Amino acid sequence: MLHRRRFLQLGSLGLGAFSFAGSTAGKAAARKPIVISTWDAGIEANKAAWKVLRSGGRALDAVEQGVMITEASQNCCVGLGANPDRDGYVTLDSCIMDEKANCGSVAFLERIKHPVSVARRVMEKTPHVMLVGSGAQQFAIEEGFPLEPSKLSEEAERDYQNWLKKSEYKPVINIENTKKQTAFVPIKYDNGEWNHDTIGMVAMDAAGNLSGSCTTSGMGFKMRGRLGDSPIIGAGLFVDNEVGAATATGQGEDVIRICGSHLVVELMRQGLSPEAACKKAVERIIKIKGDAAKDIQVGFIAINKQGEYGGYCIQKGFNFAVCYADDKNFMVEGRFVL
Ligand code: ASP
């Protein structure tokens, strides 16, 4: 377990092979505010979210401002600097949800720097939940979001040129007579990392209200037009202010299959801790996939109304970042490798 500590030790909380949970068992008061988010990028994103939360701000603002940091940074898998699809275009997916079950989403969005903010505008300014493709881009421009250049970042251009050498798509299904293959097992790089890294963030503010956000470029070198779980409310993200909030990362197709984040929240409603709920959702995917589960990664993280948090994933190597105020109102910050 790797972790960073601020002001207070995180203590000797138990760590399973692929899971980590923080519990407030035995304490009457909920642990709040709290924010957790996926992967290492979550550390910086949490800091931005924390600025909002520590000053008594809304969880909704925290989860938007938090993931905007990742969207604006150079990242393989979030924002305009990310890896393109196999035709060379970066397409972005994002969604956001608040404590009143208001939600907004954009998908297959090109050349807009902050899809999470466009998703929020969809939520707040339209009668709809989801806008996609050129319609989402048109709406963003009408809302004043600048149209950014379509050029790939240096890193993405390099990775794309490397990928093009083999165009290795490792098909699961082959459709005869098509030049390109139709489905794929996500690429694992030589260093063992997966080629995907969505940021999903869920938070509870000092007033006890929950919100969440999720933003990604999806899988690198995906088929043009492919959407994963991340912009889909219930799959990549779900918030129920009576129960808790969950978000997902990893192979979106398999998260969609089980309505992953909604499932995690419903399992918490039945009394499971965040960690146990994430574990059950992961087990459901493993059961469906059978042997093929060894070739994929999916991770869930969740918080409940008591401010307990947890995560679970299929493969080793998923991590998430946590930041909360403890019962003496000290900020505790951690990074957990599952
Ligand atoms: N869930 C994302 C997707 O399938 C990718 C990821 O989290 O890495 O698009």
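The paragraphs below set out a description of the structure included in this document. Small disclaimer: the values here were computed from a predicted structure and weren't measured. (Residues numbered from 1 in each chain as written. Predicted model: local features only at pLDDT ≥ 70, side-chain atom pairs only at ≥ 80, totals over all residues. Heavy atoms only, no water.)

1. A few points about the state of the cysteines
Enumeration over the complete set of coordinates arrives at one disulfide. Here C76 connects covalently by a disulfide to C77, the sulfurs 2.0 Å from one another. The S-S bond linking C76 to C77 shows a torsion near -80°; that makes this disulfide left-handed. Residue classification places C77 among the buried positions, given a relative accessible area of 1%. (Disulfide = S-S within 2.5 Å. Buried < 20%, exposed > 50% of the residue type's maximum accessible area, 1.4 Å probe, protein only.)

2. Examining empty space enclosed by the protein
In the structure shown here, the tally under the stated rule is one cavity of 30 Å³ or more. When its volume is computed, the largest cavity comes out at roughly 70 Å³. Lining the largest cavity we find 13 residues, and of these T198, G218, D229, S230 and G250 sit closest to its centre. Grouping the constituent residues of the lining of the largest cavity by class yields two nonpolar, eight polar and three charged. (1 Å grid on protein atoms, 1.4 Å probe; cavity = no way out; pocket = protein on both sides within 12 Å on 5 of 7 lines; lining within 4 Å. Points joined across faces, edges and corners; volume = space filled by probe spheres on them. Nonpolar A, V, L, I, M, F, W, Y, C, P; charged D, E, K, R; others polar.)

3. Considering the environment of S134
Tracing the backbone shows S134 in helix α4 (residues 133-142). When its relative accessible area of 60% is taken as the criterion, S134 is described as exposed. Separated by 24 residues in the primary sequence, S134 and E110 place their C-alpha atoms 7.9 Å from one another. (Helix = DSSP H or I, 4+ residues; strand = E, 2+ residues; numbered from the N terminus.)

4. Focus: a nonpolar patch on the surface
On the surface, V129, M130 and V132 cluster together to form a nonpolar patch covering roughly 220 Å² of accessible area. Among the secondary structure elements, M130 is positioned in strand β5 (residues 130-132). (Patch = residues over 30% accessible without salt bridge, like charges linked within 9 Å, V, L, I, M, F, W, Y side chains within 5 Å. Areas by Shrake-Rupley, 256 points an atom, 1.4 Å probe, with all protein chains shown as cover. Salt bridge = Lys/Arg side-chain N within 4 Å of Asp/Glu carboxyl O.)

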